[in-house]
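Structural overview
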Amino acid sequence: MKRVFFSLIFFFFLILIQTSFFVHFTSSFNLILLFLIIFLFFGKGKYDYIIGLIAGIYLDIFSSFFFGIYILVCLLIVFLIRKLKSILDQGVPSYLMISLFILVLYELIFLFLGDRFYIMGLIYNFLFLVLWLGIKYIYDFIKEAIT
Amino acid sequence: MISKREKNKYFNIVLIVLVIVLLVILQRPIRSFFYNLGDNIQQTLWERGRWFGSKKLRIENQELKDINEELLVKVIELNELKKQNEDFRKALDLELNDDFTFIEARVLSKVNDKEVLIINKGSDDGVDIGMTVIDFEKVLIGRITEVFNKTSQLILITDPDIKFGASVHDPGIRAMILGSKDDLELDLVPNFEELNIGDVVYTSYNQDVFPPNLLVGKVSRAEKSDLTSFYEARVIPFFDDYSLVHVLIIR
């Protein structure tokens, strides 16, 4: 339950930063989506759907689409990541493949709904995940070497 | 027989569907609540982001570096220009105050997927759907589309859903402006008219979307088309949505 409360506060601050600060650099950088993916990769899996729901609610609040669209998209992402995680190996290469698939799917959904496809957004978001997974990989490697 | 695990699964699905339905029904108070909750943090973040990230500011900064030496020589001349500019702004302000009454508001954030800003004035302050939003120099910014108690959503003229009548060479050529995300499309200017790059575009009298004579932007492209009898023209708006902090809502 701690994870849910943490996500409730953490995602709120993320959406404020995304819509008021990062929007000046690029409007297609989606911190909520990125951290939802990271949470799903490294979380224990018990409250994944609730965390997806929270992420979707915040995205819907700060959106001009019909309320509920982002909730459904985030729940779909949770479902797909859980399925893909159970099929593929647990490791950085698989996570990168899943990330790319999810990010492309996300952009395609909004190409269909809002007639927009942010190729630069896709690249920035994917690079962020590559960086995050790279750091995590190095950290795990060093931790294992020490122990 | 349905197992306990399956029962739990179905229960969770039903619960999530109910929560979504409830959220959809209560979306207005929920949105209003969260906009109010983040109000102060967003104001600060918007100003910091504007300072760090504005393309316009970065370009200006680069230009200033390039002409630094020239500026030292021209400093007296610039001071004179600055004074003239201030006088001009004062004159404009007076004209503005005579024409309309306003509600002053601050920009809080920009929504994820559209050219929509959230501002810190709502129905409690007298804001209503459809009101026109301008800046202090009488430049058209957009229109109010959603109103909450203490906040509102404002759609920018650059949004693809926006279109309105405009005129170039006041009161000459009549045309149609269409939002196009980064700039504006100037449509329905007949080929036989004379349209030049740099021409100023205003809101026209023959439309009921915005008040007339508000500044819109400058023509950045004007090409005669062989295929149609109208120009292919683009307009760069005078405002930069990312450097906006204060706006005026016309009552």
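This section reports on the structure supplied with the text. (Residues numbered from 1 in each chain as written. Chains lettered and ligands numbered in written order. Predicted model: local features only at pLDDT ≥ 70, side-chain atom pairs only at ≥ 80, totals over all residues. Heavy atoms only, no water.)

Side note on the pairing of strand 11 (residues 231-237) of chain B
Residues and elements named next belong to chain B. Heads up, the condition is: A simple rule labels every residue: compare its accessible area, found with a 1.4 Å probe on the protein chains alone, to the largest value its type can have, and call it buried under 20%, exposed over 50%, or partly exposed in between. Secondary structure elements are taken from DSSP: a helix is a run of H or I of four residues or more, a strand is a run of E of two residues or more, and numbering for both begins at the N terminus. Between any two strands, pairing holds if DSSP finds at least two bridges.
Burial runs high along strand 11: five of the seven residues are buried. Relative to strand 11, strand 8 (residues 183-187) is paired through three bridges, and the arrangement is antiparallel. Residue pairing across strands places E185 opposite R234, the latter belonging to strand 11. Note: strand 10 (residues 215-224) against strand 11, seven bridges, orientation antiparallel. Following the sheet pairing, E223 is matched in strand 11 by E232. Connecting the antiparallel pair strand 10 and strand 11 is a turn made up of six residues.

Section: the interface of chain B and chain A
Selection criterion: Whether two residues are in contact is decided by their heavy atoms, any of which lying within 4.5 Å being enough. Buried area adds together the accessible area that both of two parts lose upon being put together, with accessible area traced by a 1.4 Å probe. A pair is scored as a salt bridge if a Lys or Arg side-chain nitrogen falls within 4 Å of a carboxyl oxygen belonging to Asp or Glu. Here a polar contact means two N or O atoms within 3.5 Å. Within protein one must be a hydrogen donor candidate and the other an acceptor candidate, and residues neighboring in sequence count only if both atoms are side-chain atoms. Classes in brief: Ala, Val, Leu, Ile, Met, Phe, Trp, Tyr, Cys and Pro nonpolar; Asp, Glu, Lys and Arg charged; the others, Gly included, polar.
Facing 33 residues of chain B, the contacting portion of chain A comprises 32 residues. Overall, the association of chain B and chain A removes approximately 2,900 Å² of surface from exposure, summing both partners, and the carbon and sulfur fraction of that is 68%. Applying the counting criterion to the chain B and chain A interface returns zero salt bridges. Here chain B and chain A share eight residue pairs in polar contact (both at pLDDT 80 or more) between them. Taken together, the residues of the side of chain B that touches chain A sort by class into 18 nonpolar, eight polar and seven charged.

So, the pattern of salt bridges
A side chain with one charge may pair with a side chain of the opposite charge, provided their charged atoms come close. In total, this model carries 11 salt bridges over all chains according to the counting rule given. The partner of D140(A) in a salt bridge is K136(A), and the shortest N-O contact between them spans 3.4 Å. Taken together, the residues D140(A) and K136(A), both in helix 6 (residues 119-146) and four residues apart, mark about one turn of the helix. We classify D140(A) as partly exposed; its relative accessible area is 30%. The salt bridge partner of K110(B) is E115(B), with a shortest N-O separation of 3.1 Å. No difference in accessibility class separates K110(B) from E115(B), as the two residues are buried. What emerges from the salt-bridge pattern is a single network uniting R3(A), D48(A) and R82(A).

Examining the environment of L129(A)
All names here are of chain A. Within the secondary structure, L129 sits in helix 6. The class of L129 is buried, set by a relative accessible area of 1%. Taking the C-alpha atoms as reference, L129 lies 17 Å from L84; in sequence the two are 45 residues apart. Ignoring sequence-local partners within four residues, the contact set of L129 consists of L34, I37, I38, S99 and L103.

A look at the packing of aromatic side chains
All names here are of chain A. Worth spelling out the cut-off: Think of it this way: a Phe, Tyr or Trp ring, Trp meaning its six-membered ring, pairs with another when their centres are within 6.5 Å, and the plane angle makes it stacked under 30 degrees, edge-to-face over 60, tilted otherwise.
What the rule picks out here adds up to 27 aromatic pairs over all chains. Both rings, one in F41 and one in Y95, keep their centres 4.2 Å apart while their planes meet at 10 degrees; by these two values the pair is stacked. You can see F41 sitting in helix 2 (residues 31-42) and its partner Y95 sitting in helix 5 (residues 92-114), a full 54 residues away along the chain. Neither F41 nor Y95 differs from the other in exposure class; each is buried. Between F128 and W132 the ring centres are 6.3 Å apart and the planes differ by 25 degrees, which places this aromatic pair in the stacked class.

Focus: helix 2 of chain A
Residue and element names in this part refer to chain A. Selection rule: Helix span, expected: 1.5 Å multiplied by one less than the number of residues in the helix.
Here helix 2 is 12 residues long and its end C-alpha atoms lie 16 Å apart, about the 16 Å a rise of 1.5 Å per residue gives. Counting buried residues in helix 2 gives 11 out of 12 residues, a clear majority hidden from the surface. Among all positions of helix 2, only L31, I32, L33, L34, F35, L36, I37, I38, F39, L40 and F41 are buried. The elements touched by buried residues of helix 2 are helix 1 (2-20), helix 3 (48-61), helix 4 (69-87), helix 5 and helix 6.

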